[in-house]
Amino acid sequence: MGKVSEETERRTTRIRRPEELVYRGVYAPVDVRKMLETAETRGRILRVPVPHLFFGLKQLDDEEISRLLPHVTEKQWAGILDLDLWSRDRMSTGGFLYWEKYITSAEDAVARKLIRAADPELWELTFKRQMKAYAKVEEDEYEAEPEEGEWLETPDKNYLILLPENPDKARLLRALILRLYDLEPSYAPLLIDSSRARTSIEIEEIAYQNRKRRVEEMGFQDYFDAVQIYTFLPPEESLSEKKWEQIRQVGTLPVRLPEQAKGSLLLFQALALITCPQESQTLLEELFFVCNKVLSADCASPADPVRVKRGIRKAITGMNLGLDWWAKGNLQKAAEGVRHHYLQSFFQVGHSRLIELCREAQKLKKASYQPDPGSLLDAVFEGLLERYPLLAEQRRGKIRKRFFRSRQDLDIARRYLDQITKAQVEN
């Protein structure tokens, strides 16, 4: 009974964590599996915002995804590919094959929809990287003699294709090409020919620019724009005044702050004091936008819910840290702060205070100070030297590291640094 109760307590604690509440309330509020149960709810799937659909289908198995496909739109499928396939400006052709495998077994109308939803550059880049295509130059003669490997002659007999060495990829690519020729006999050879004529860099750049535009409409930024979230702000620097009319609203996401979260961090308490519905909604969409910036800057793929939740926790604790430091713990000042300054600025404030601690730790490291291995001070030292500094603490006899979340955490870390400095002087 004791172990069961302890496990239940741990599970309940996880559910109540801010990142879990935000993830469930903002990123994945839709139970896609439940929507598939009745004709009435299936009809609503086409109106589900792309991010909600994407994070919801992460819970589905292959059979359930196949049942979902007739009910998604081309725009939704394109958005799913946009969110899943990219890391920085690199597209995963393996990921593309994973999602497009459903074309091979879907009904004709559904398969055509999935083919049209994907940018042609995604097909071309996959062909470029996963196979070699040789065109026919004369009757029964191709550009190259068959070499060792598995070959496929296209149905129009215009190309001889060397398939991947991996048998599973070869089997899937063969099935996809034959399906493409069956459903889009004029489109398929155009894709193959274009993939032969253009370089990988050229194809990927066009695909990247198309994807960048669409994900920004969904409230996500690409990596090269998002890294500014880590801009350093000196303690004396004034924060930019918020211009409400210029805030980019996501608009399609019914963002809500979960009730369970409102009594926890200063950030959430401050947001709860905003009584104007329009301001409150805009602030929560702004919070969503900052979380997405952190995810993009850290290259945390939306396809990995664990990394997404960690990124959300990092963004929330960072904003709370900066707001708490700026408002000195005063709730009313914090509420005024979120109304008049950007939430991104508070994340930058929090991160900047951590960088200052990191710089102090780096000075000690250069002075060749090394705490006792395995000690709490050693863990504190290591945590502060991380790229994004963490706070080490001892709980239940174990030393753990976590994100800084309040000005009290900053005070604790500074006291540890004082202890380290004192020990160095004494030695």
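Predicted model, so just to flag it, every value in this text is computed and none were measured.

Visitor: Please clarify how the pairing of strand β8 (residues 398-403) should be interpreted in this entry.
Guide: Along a regular strand, successive side chains alternate from one face of the sheet to the other. Sheet topology note: the strand β7 (residues 390-395)/β8 ladder contains six bridges and is antiparallel. When the sheet's bridge partners are listed, Q394 is paired in β8 with I399. Counted between consecutive antiparallel strands, the loop separating β7 from β8 contains two residues, among which R396 sits at a positive phi close to 55°.

Visitor: In this structure, what is going on with the sheet that holds strand β5 (residues 151-153)? I would like to understand it.
Guide: Paired through backbone hydrogen bonds, the strands of a sheet run either parallel or antiparallel to each other. Reading across the sheet, the four strands line up as β4-β3-β6-β5 and stay open at both edges, with antiparallel pairing between neighbours. In this open sheet, the two strands that pair with only one neighbour each are β4 (141-142) and β5. Bridge count between strand β3 (residues 132-138) and β4: two bridges; the pairing is antiparallel. What sits directly across from E138, in β4, is E141. Running at roughly 65° to strand β6 (residues 159-162), helix α12 (residues 187-197) makes contact with β3 and β6 of the sheet.

Visitor: Sorry if this is basic, but what is going on with the nonpolar core here?
Guide: When a protein is soluble and globular, its nonpolar side chains tend to lie buried together. In this structure, Y27, W123 and L267 are the most contacted members of the largest nonpolar core, which totals 125 residues. Y134, Y142, W151 and L162 belong to the second-largest nonpolar core, a separate cluster that totals five residues.

Visitor: Got a minute to help me understand the pattern of salt bridges in this structure?
Guide: A side chain with one charge may pair with a side chain of the opposite charge, provided their charged atoms come close. Under the defined criterion, the tally for this structure stands at 31 salt bridges. With its nearest N and O atoms 2.8 Å apart, the salt bridge here joins R116 to E74. A residue pair is termed long-range when its members are at least 10 positions apart, and R116 in helix α9 (residues 108-117) and E74 in helix α7 (residues 74-85) qualify at 42 residues. Measuring nitrogen to oxygen at the nearest pair gives 2.8 Å for the salt bridge that ties E279 to R339. Pair noted here: E279 is in helix α16 (residues 277-297) and R339 is in helix α18 (residues 331-340), with a separation of 60 residues, a long-range link. Residue E279 is classed as buried on the basis of its relative accessible area, which comes to 17%. For R339, a relative accessible area of 23% translates into the label partly exposed. Three or more residues are tied together by salt bridges with common partners; here these are E393, R395, R402 and D409.

Visitor: What's the story with unusual backbone geometry in this structure? I'm lost.
Guide: Leave glycine aside and you will find that most residues have negative phi; peptide bonds, for their part, are mostly trans. Non-glycine residue C299 carries a positive phi angle of around 55°. Secondary-structure assignment places C299 in the loop between α16 and α17 (305-327). If you check the backbone angles, R396 has positive phi at about 55° while not being a glycine. Judged by relative accessible area, R396 falls into the exposed class, the value being 77%.

Visitor: Looking at this model, I keep getting lost on the state of the cysteines. Mind explaining?
Guide: Under the definition given, this model contains zero disulfides. In this model C299 remains outside any disulfide bridge; the closest cysteine sulfur is found in C291, 17 Å from its own.

Visitor: Just checking my understanding: could you explain the packing of aromatic side chains for this structure?
Guide: Geometrically, a pair of aromatic rings is defined through the distance of the ring centres and the angle of the planes. Tallying each qualifying case throughout the model produces 17 aromatic pairs. Centroid distance W123 to F127: 6.2 Å. Interplanar angle 50°. Geometry classified as tilted. You can see W123 and its partner F127 sitting in helix α10 (residues 120-130), four residues apart, about one turn around the helix. This pair shows no difference in class: W123 is buried, exactly as F127 is.

Visitor: What am I meant to see in α12 here?
Guide: Note on helix geometry: an α-helix contains 3.6 residues per turn, so any two residues three or four positions apart are oriented the same way. Burial in α12 covers these residues: A188, P189, L191, I192, S194 and S195. Close packing links the buried residues of α12 with α10, β3, β6, α11 (167-183) and α13 (200-217).

Visitor: When you look at the packing of α17 against helix α19 (residues 343-366) in this model, what are you seeing that I'm missing?
Guide: Packed helices, taken two at a time, are described by the angle between their axes plus the distance between the axes. At their nearest, the axes of α17 and α19 sit 7 Å apart, and the two run at 85° to each other. The angle between α17 and α19 places the two elements in the roughly perpendicular class. Between α17 and α19, the residues in contact are K314, A315, G318, M319, L321, G322, L323, W325 and W326 and L343, F346, F347, V349, G350, R353 and L354, respectively. Looking at the contact of α17 with α19 residue by residue, the classes come out as eleven nonpolar, three polar and two charged.

Visitor: Would you explain the environment of W326 in this entry?
Guide: Tracing the backbone shows W326 in helix α17. When the C-alpha atoms of W326 and P235 are compared, they prove to be 9.2 Å apart, with 91 residues separating the residues in sequence. With residues near it in sequence (within four places) discarded, W326 still touches L239, K333, G337, H341 and F346.

Visitor: What should I look at first to understand the packing of helix α8 (residues 93-100) against α10 in this one?
Guide: At their nearest, the axes of α8 and α10 sit 9 Å apart, and the two run at 115° to each other. Crossing of α8 over α10 shows left-handed handedness. Residues T93, G94, F96, L97 and E100 of α8 form the contact with α10, whose participating residues are L122, W123, L125, T126, R129 and Q130. Of the residues that constitute the contact of α8 with α10, the class distribution is five nonpolar, four polar and two charged.

Rules of the game
- Residues numbered from 1 in each chain as written.
- Predicted model: local features only at pLDDT ≥ 70, side-chain atom pairs only at ≥ 80, totals over all residues.
- Heavy atoms only, no water.
- Pairing = 2+ DSSP bridges.
- Helix = DSSP H or I, 4+ residues; strand = E, 2+ residues; numbered from the N terminus.
- Contact = heavy atoms within 4.5 Å.
- Axes fitted to C-alpha atoms, helices over the stretch in contact; angles between N-to-C directions.
- Core = buried A, V, L, I, M, F, W, Y, C linked by side-chain atoms within 4.5 Å.
- Buried < 20%, exposed > 50% of the residue type's maximum accessible area, 1.4 Å probe, protein only.
- Salt bridge = Lys/Arg side-chain N within 4 Å of Asp/Glu carboxyl O.
- Disulfide = S-S within 2.5 Å.
- Phe/Tyr/Trp six-rings, centres within 6.5 Å; stacked < 30°, edge-to-face > 60°.
- Parallel < 35°, antiparallel > 145°, perpendicular 65-115°, else oblique.
- Nonpolar A, V, L, I, M, F, W, Y, C, P; charged D, E, K, R; others polar.
- Left-handed = near helix turned anticlockwise from the far one by under 90°.

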